[in-house]
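Chain and residue survey
So the chains spell out like this:
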Amino acid sequence: MKYNFLYYKDIMLQCISINNSQIIPISPEKTLSAIVINPIFSRAPVFSESTVCGEFPYDISYLIYIKVRNGFSILNQSTNDTVFSLAQNTQTNNNYLYKLSSPPLPLGIYYQQLTFTTDDYENHTYQFIMGCYDFPTDNLVISVTKPFFISGGYYYYISISGMGPYFPIGITELNKLASIRYSNDPIYNYVVQLLSFDVQNLTEDISLTLNFSNNRQIPLKLKSYYAGFNEQDLATSHIDTFFPLNILSPGYNFTKFSYSCGPIFQSIVNTNIPRPYQLVQVGIYERFTIPIKGKKGNMTYTSVVDNKNSIFINGNGSSSIDYLNFSTNIKDIIVQEFNQPKNSIYDYSSNSVPLFIASINNTVPYQFNDYTYNYFVDTILGWPYGFYSGNNNNYTIKVSFIQLLKYSTIINLIYKFTVFNRNEIYYPISAKTPEPSSNPPKLLSYSFTRVSSQNYLLRLVVESFNGVKHVHTTYPLYRYDALVSGTIYNGTFEIIVAAHEMISIGIFDLIGLMTTFSGGDVISIDPLAILQFPPEVNYKLNISMFQNNNLWFLKNNISLEEDSYNIVYVESKDIPPNKPMSFVLRDIISVPAERDLTDINNLIVKNPFTFNNSSGLFECKFILPKNNMFGPVQYIVEYDPNQIGFFSSELVSQLFVDGDTVLDNQGPIFSSFEKIGNGLVISTMDSIGWKFNITDDTNGFESGYIKVMGSIDSSTYHFNFTIDDAISGDIFNGQYQILINITQPCISQEYRIVRVYLFDTNKIASRFDLFTPSLTTASIINPFINYLEEGINITILPFTCLTLQVTPDQKPKLQSFTTFGGISTIDVGASDRSISFNFSIDSAPTIKLDQLPIVYINSLFNGLVQCFSKIVSIDGKDVFYTCSTELPLGFGYPNPLIFSIYGIVNNGGYYYGYTNDDIQEIQYSIHYVNTTFSLNQPVIKSTDKYYSDDNGQLVIYGRGFSKGISSVNFTYSDSSLPPNSATLISVYGSSVIKVEGIKITKHPFHIKVITSDGLISNQFTVNPIYFNSNITPTPTSSPTSSPTSSPTSSPTSSPTSSPTSSPTPIPTITPIPTNVPQKCQGNPECGGKNQGYCSSTGCICYAPWIGITCTSQIIIVPQPSINTTNPQVEIPTTGNNDQSSETNNNESQKMIFKSLISLISLRELDFNNQEVNNHIFDQWIFTPIDQFKNQYFTSISKTNITATLEWFNQSTSIQFANQNLTMNPSSIKYTIEITKYQFSSSLNQLQLVMAASLESNSNDICSLNQFGNTSTGDDSNYLKIQIENHSLYGRFIKRAIIDQTVKSVSNVLLDSSLNVIDDSSSLQSYIGITIPFYRDSIIVDPDFSVLIDSKSASGQDNSVCTKKKSGLTTSQLAGIIIGSVCFAAVIVISIVYVIVKRNNQKKLIAAVNKKMTEINNGNK
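The rules behind these values
- Residues numbered from 1 in each chain as written.
- Predicted model: local features only at pLDDT ≥ 70, side-chain atom pairs only at ≥ 80, totals over all residues.
- Heavy atoms only, no water.
- Helix = DSSP H or I, 4+ residues; strand = E, 2+ residues; numbered from the N terminus.
- Buried < 20%, exposed > 50% of the residue type's maximum accessible area, 1.4 Å probe, protein only.
- Contact = heavy atoms within 4.5 Å.
- Pairing = 2+ DSSP bridges.
- Phe/Tyr/Trp six-rings, centres within 6.5 Å; stacked < 30°, edge-to-face > 60°.
- Disulfide = S-S within 2.5 Å.
- Axes fitted to C-alpha atoms, helices over the stretch in contact; angles between N-to-C directions.
- Patch = residues over 30% accessible without salt bridge, like charges linked within 9 Å, V, L, I, M, F, W, Y side chains within 5 Å.
- Areas by Shrake-Rupley, 256 points an atom, 1.4 Å probe, with all protein chains shown as cover.
- Salt bridge = Lys/Arg side-chain N within 4 Å of Asp/Glu carboxyl O.
- Lys, Arg positive; Asp, Glu negative; His and termini not counted.
- Charge placed at Lys NZ, Arg CZ, Asp CG, Glu CD.
- Core = buried A, V, L, I, M, F, W, Y, C linked by side-chain atoms within 4.5 Å.
- pLDDT = per-residue confidence, 0-100.

Thoughts on the overall build of the chain
Assigned secondary structure in the chain consists of four helices and 112 strands. Here the chain holds 1420 residues, and the buried ones make up 57% of them. The contacts of the chain with a sequence gap of at least 6 include a subset with a gap of at least 24, amounting to 70%.

Focus: the pairing of strand β20 (residues 216-222)
Burial along β20 is one-sided: the residues R216, I218, L220 and L222 are buried and none of Q217, P219 and K221 is. Bridge count for strand β19 (residues 206-212) against β20 is seven bridges, and the pairing is antiparallel. Its bridge partner lying in β20, I206 is registered against L222. Hairpin connection between β19 and β20: a loop of three residues separates the two successive antiparallel strands, and N214 in this loop has a positive phi of roughly 65°.

Points about the packing of aromatic side chains
Inspection of the entire model under this criterion finds 91 aromatic pairs. With a centroid separation of 5.9 Å and an interplanar angle of 20°, the aromatic rings of Y371 and F387 are classed as stacked. Note that Y371 is positioned in strand β33 (residues 371-375) and F387 in strand β35 (residues 387-391), a separation of 16 residues in sequence. Considered together, Y371 and F387 belong to a single accessibility category, that of buried residues. Aromatic pair F692 and F721: ring centres 6.0 Å apart, planes at 55°, arrangement tilted. Within this pair, whereas F692 is found in strand β63 (residues 685-695), its partner F721 is found in strand β65 (residues 716-722), the two being separated by 29 residues in sequence. Side by side, F692 and F721 carry an identical accessibility label, which is buried.

Describing the state of the cysteines
Summed over all chains, the structure comprises six disulfides. Across a sulfur-sulfur distance of 2.0 Å, C53 and C132 are joined as a disulfide pair. Between C53 and C132 the disulfide shows an S-S torsion of about 80°. By sign, it is right-handed. Taken together, the residues C53 in strand β5 (residues 52-53) and C132 in strand β12 (residues 123-132) connect sequence positions 79 residues apart. Comparing C53 with C132 shows no difference in burial state: the two are buried. In this model C1101 forms its disulfide with C1110; the gap between the sulfur atoms is 2.1 Å. Its S-S torsion of approximately -90° makes the covalent link between C1101 and C1110 left-handed. Like C1101, the residue C1110 is buried in the burial classification.

Some details on the sheet that holds strand β76 (residues 870-875)
Strands sit in the order β71-β73-β77-β76 across an open sheet of four strands; the sheet is antiparallel. Every other strand in the sheet has two partners, leaving β71 (814-819) and β76 as the edge strands with one partner each. The average angle at which neighbouring strand axes cross in this sheet is 15°, direction not considered. Strand direction decides the pairing type here: β71 and strand β73 (residues 834-841), joined by five bridges, are antiparallel. When the sheet's bridge partners are listed, L814 is paired in β73 with I841.

A few points about a negative patch on the surface
Taken together, the side chains of E561, E562, D563 and D660 make up a negatively charged region of the molecular surface. The class for E561 is partly exposed, based on a relative accessible area of 45%.

Observations concerning the pattern of salt bridges
Summed over the entire model, instances satisfying the criterion amount to 21 salt bridges. A salt bridge links R287 to D306, with the nearest nitrogen and oxygen atoms 2.2 Å apart. Note that R287 is positioned in strand β25 (residues 285-288) and D306 in the loop between β27 (298-304) and β28 (310-316), a separation of 19 residues in sequence. With relative accessibility at 31%, the residue R287 sits in the partly exposed group. Each of K621, D949 and D950 takes part in salt bridges that share partners, so that together they form one network.

Topic: the environment of T302
Structurally, T302 can be placed in strand β27. Along the sequence, T302 and I264 sit 38 residues apart, while their C-alpha atoms lie 7.0 Å from each other. For T302, the contacting residues outside a window of four places in its chain are I264, F265, Q266, T289, I290, I292 and I780.

Focus: the sheet that holds strand β8 (residues 85-92)
Taken together, the four strands give an open sheet; going across it, the order is β3-β6-β9-β8, and neighbouring strands pair in antiparallel fashion. Two strands close off the open sheet at either side, each with one partner strand: β3 (32-37) and β8. The mean angle between the axes of side-by-side strands here comes to 25°, regardless of whether they run parallel or antiparallel. Direction of pairing for β8 relative to strand β9 (residues 95-102): antiparallel, over a ladder of seven bridges. Within the sheet, the bridge partner assigned to A87 lies in β9 and is K99.

What about unusual backbone geometry?
Of note, the bond from F243 into P244 is cis; its omega dihedral lies within 30 degrees of zero at 0°. One can find P244 in the loop between β21 (238-243) and β22 (253-255). Geometrically, the link from D526 to P527 is a cis peptide bond, its omega value of 0° lying close to zero. You can see P527 is positioned in the loop between β48 (522-525) and β49 (528-530). A positive phi angle is found at S714, which is not glycine, with a value near 60°. Given the relative accessible area of 0%, S714 is considered buried.

Digging into the nonpolar core
In this structure, Y415, F692 and V708 are the most contacted members of the largest nonpolar core, which totals 147 residues. The biggest single contributor to this core is strand β78 (residues 897-905), with seven residues. Non-local contacts of V708, meaning those with residues more than four positions away in its chain, are made with W690, S715, T716, Y717, F719, I738, I740, Y751, R752 and I753. In this structure, F1188, I1196, A1252 and I1327 belong to the second largest nonpolar core, which totals 47 residues.

Here we look at the environment of G1098
Within the secondary structure, G1098 sits in strand β90 (residues 1098-1101). Expressed as a C-alpha distance, the spacing of G1098 and Q1078, which sit 20 residues apart in the sequence, is 4.7 Å. Among all residues touching G1098, those that are not within four sequence positions of it are Q1078, C1080, Y1093 and S1271.

Remarks on the confidence of the model for the chain
Regions with low pLDDT should not have their predicted coordinates read in detail. Looking at the chain, pLDDT values average 83 and 86% of them are 70 or higher. Taken as a whole, residues 1-21 scores under 50 in pLDDT and shows 54 contacts with residues more than four places along the chain or in a different chain. Scored below 50 in pLDDT, residues 1136-1149 makes 23 contacts in the model with residues more than four places away or belonging to other chains.

Take a look at the structure:
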């Protein structure tokens, strides 16, 4: 689908958000008309301390668009309110854009007159009104959900209603105990994160004070996270181990193992909940411990020991908290700083390529850290880049940069050099050709085209006086290769934009000017155009769309000895099928944010949902990593680029890992570590190194990397190894060694391990960096934790050389340097962008041949590329090198690329490099190349994620696809699969193609694209993600169908298909009761041949007839009004619904019948069916889902109840508990879910009490009450309450979903034990649904309809009748009350209350009658 530019005229006024209700012309609009674009006329103070509107960043400003008649223009503008300013923003022909703005405004209503004078001297005046209002807090209603724990904090959803049109409003917590932010959900509209959890009892409530604008405050109680667990599940003991062991000993001094690696502790905790109350408090900061290994009941947690007074806090059950105060003395290692460095800038702007060279000399020893070089872009590199001469005790850094000669005067150009985030040196770069132009790039048009479930092709037509440098979206994803046609001065650009990136678009030019747009911003005024992101991207969802079993998993309650291949499904007719959504796992293995933030840019993996047209479901594949944390898996459903999405909690379906799964959240560690050749004296040749064991008990070791450097000459050795390199052992405990050969001549120095990365088979890493700035968890992921006592010395290996000949500090001569083939221009838009270099130096006898120099390719705006050399030959004193690399697409364009060389080391301990200026001094050298950028060559850049079981379709991203595709060819690593050509499905612009025909494989395959004119793309390799499609589903409940949709179903386990209409059966506990055969009744039998027929089970009725005699008929009535207080439904009907009934007379047509359905209570019964506890339903929380479905929540005695009421306006087939059922039109279904209940005894059972009543406004009538078994084969009970020829009919299925299996339940008529209303015009009945003992959850599913009967109640046995009083007519309310307990998943921890056992039966009767009286009185 394509979204094109929106143009002004009538369509434009309908498409953009324009509101003119507060700008009113008060003079004739003779020659112009004005509108306000995207206005907010009613504002409120946002910040809690504020009494004004419009504080930054919520400035008060309005854009006013004016269109003037042809031939006229605006001379000037004014406002009569001096607080406001009115200024022209831009003008194009007879279109104007003005900006009306003001400073922050106090509370009040602001009237002003805006006057625009045209050149015919007509004044056009408008009245403009805006207000700053203080919303009332007295009417706010606040409800709070059950808390959840994610990323080291406690979170709550809260619902605040009553804010009116000023929503959202900023809220703070008065005592800084919590942060509160808007969630974008219309119901649960704020998220609270606790910042402090200072309590004396883990289960006590937390008191907050919400602070609104103007310092108005509302107290709020939050239930403790730990109040939601059983007492026996909370931790009661912990065994702590500190590394090093003596860190807490008085007088013990500890020096950090590296810049960031300090002491840690590990604590073994007997916890049955994933996150016990265990933390370290340092000052005002609290840091929760991180789980690293173990299983339910025996978990190990870890945290850092700080160099300050700290408190180690542990929860001990629910009623006590232990505190351990400790203090340590921890010293940092020495960090390099410049000691008054000598520095200078050399200007080479007159060269063929204008340069500047920055030079710094330093005598403070180099500590193997990285430096940051900044000129337009940060380049972060350590040795050898920039190391021009010297050794680590006295060295010079010298680097070359392309100088930008022409740039905007509004940009301050500087070169910045930073040492390890400590020392910074700034050099201002003088302007050679200042460019006063203030014309930023101009966006002429744009369009979005959907190319996959998450990605869009954004096509921009841009005009730029200075040339476009790059375009980007919200995130700093710079696209230098986006030009597809035209030039950088007037061209078309295409970039791939993910739905979550659609917040803003930026366009930057070559002199530093930029243009940025957010959604709703004006792009053009001639014609008027507004940036509109695709409507489905901004379509707002709410949490209720994911409740009521609308989100579920193919597998749940998972054991994670291996990776779990799973699918999440979403069913909601309220979510458009084209809505982009993604599923983001937030478990501690998938997102190790608490433990390891090293690879922060790739931490979050967004798994896209796709809509399956066959099943009508959103589906998303995902892989949950093995050996994970037990308990609920944290995840987020993302749907809006401006919001974080919906957290998994009890608001949304949960995914569980069972308690037998063993967690491994710790990377491989060294269990032994010894030096080889420590202090060795080398006379001719020898080897030194380290021998070590790597242990990883659960996941097993997979691969490692160790970097070693010389303390004097920075000689660098890289060691990559896997289990195949082990000397002995296995992946769980293997021995390895690394060796460095040393030959004379050499220098005496130390070799130091400066970096270690160890990965296990689950990609969990241990990392050590000698200098790792700002990584707070470096201590936790340190593989040397067993050697903190020994200290950093174990990574240092000194040796001594018996020097026979001293190698002087004499820089080798660079003899030659050229590109391969002598190229002077490279096409960075081509499919082959490889570049090669040949160079030579003249000092073979004096240099270390195992230290290979690196060629650096510098660009102006794109940083640099490294080219690693190798020795080709040695001829006497001359050493010949070559290197080859491929440049990124668009690299450096349109500027040249320059070269430099660093990393030559001699035997005397000195190193050398050559700047670009050095290279160009060599005769016949090529010190730079120019860049071109072809537009027609096909280049493959990436593809969508591809699973091994996918259907052979793939979206390919690149460029050069617009001229026609001849073929897309695939070759396979699997030799059993022959090559083939794909079928082309679609081509999107120049950048995207969609193909099908890929053969099923789990091995890598390769793609090449050939265009119609014979151009061949690069070969791109796709590595399929293995996905086990033969998934066996675990029992989960299926969502029920909506009244207007086709039957829904649970997913199947088919390996190649999505969920079909054949649902996966839920396991059944046999036997499930079936109704006994009944004798066919009625006269005629079964209502006659047109109404039903006699079967072995009894009468089977033809629609619309119903009942055991097929003589009742469904009444089609309007949908009842919604009750927002409790789950009761009133269905009013009149007496003239059917003209064939026996009572069709004037009196019956005047009758009014009312049916009322409601929920009463939940009773616990013992094995003798005697009442033990009785819980009367009192308060409910109402949540609308859609026009046919509503949800109600309540909680009793720590049990959550969800009641979902669904209206069916047409006949619909559904399935419940493996049983196919038909919902009649004009019927209401109650789906009642009850979570875990604390039974007094395992022999007890629950009984859900429901009530039904029917009343009429006539007295001279009869009533009848029936209860029995259905005969239609649905094995249910029915309740029929009849007054005259109208009935309320309830169906009670004899099965339920109990603990995710199908079990039988019994339905009992309770009229004999409860006081019911029973007369001719008002009839009442109670039903008890009796549920056996269960552990986790139950779901029951009764439904109700209103019938009209062929026979009046007056002609039937057991009816109750009265005579009409002479001349008297009584208007009584008639209603059926059918109570159905719908147990809501309210995420609020309810206070336990217990009803005393004595006289429970009397209390129930009294409470029920009181409730029924209140309901009846309320409906009169």
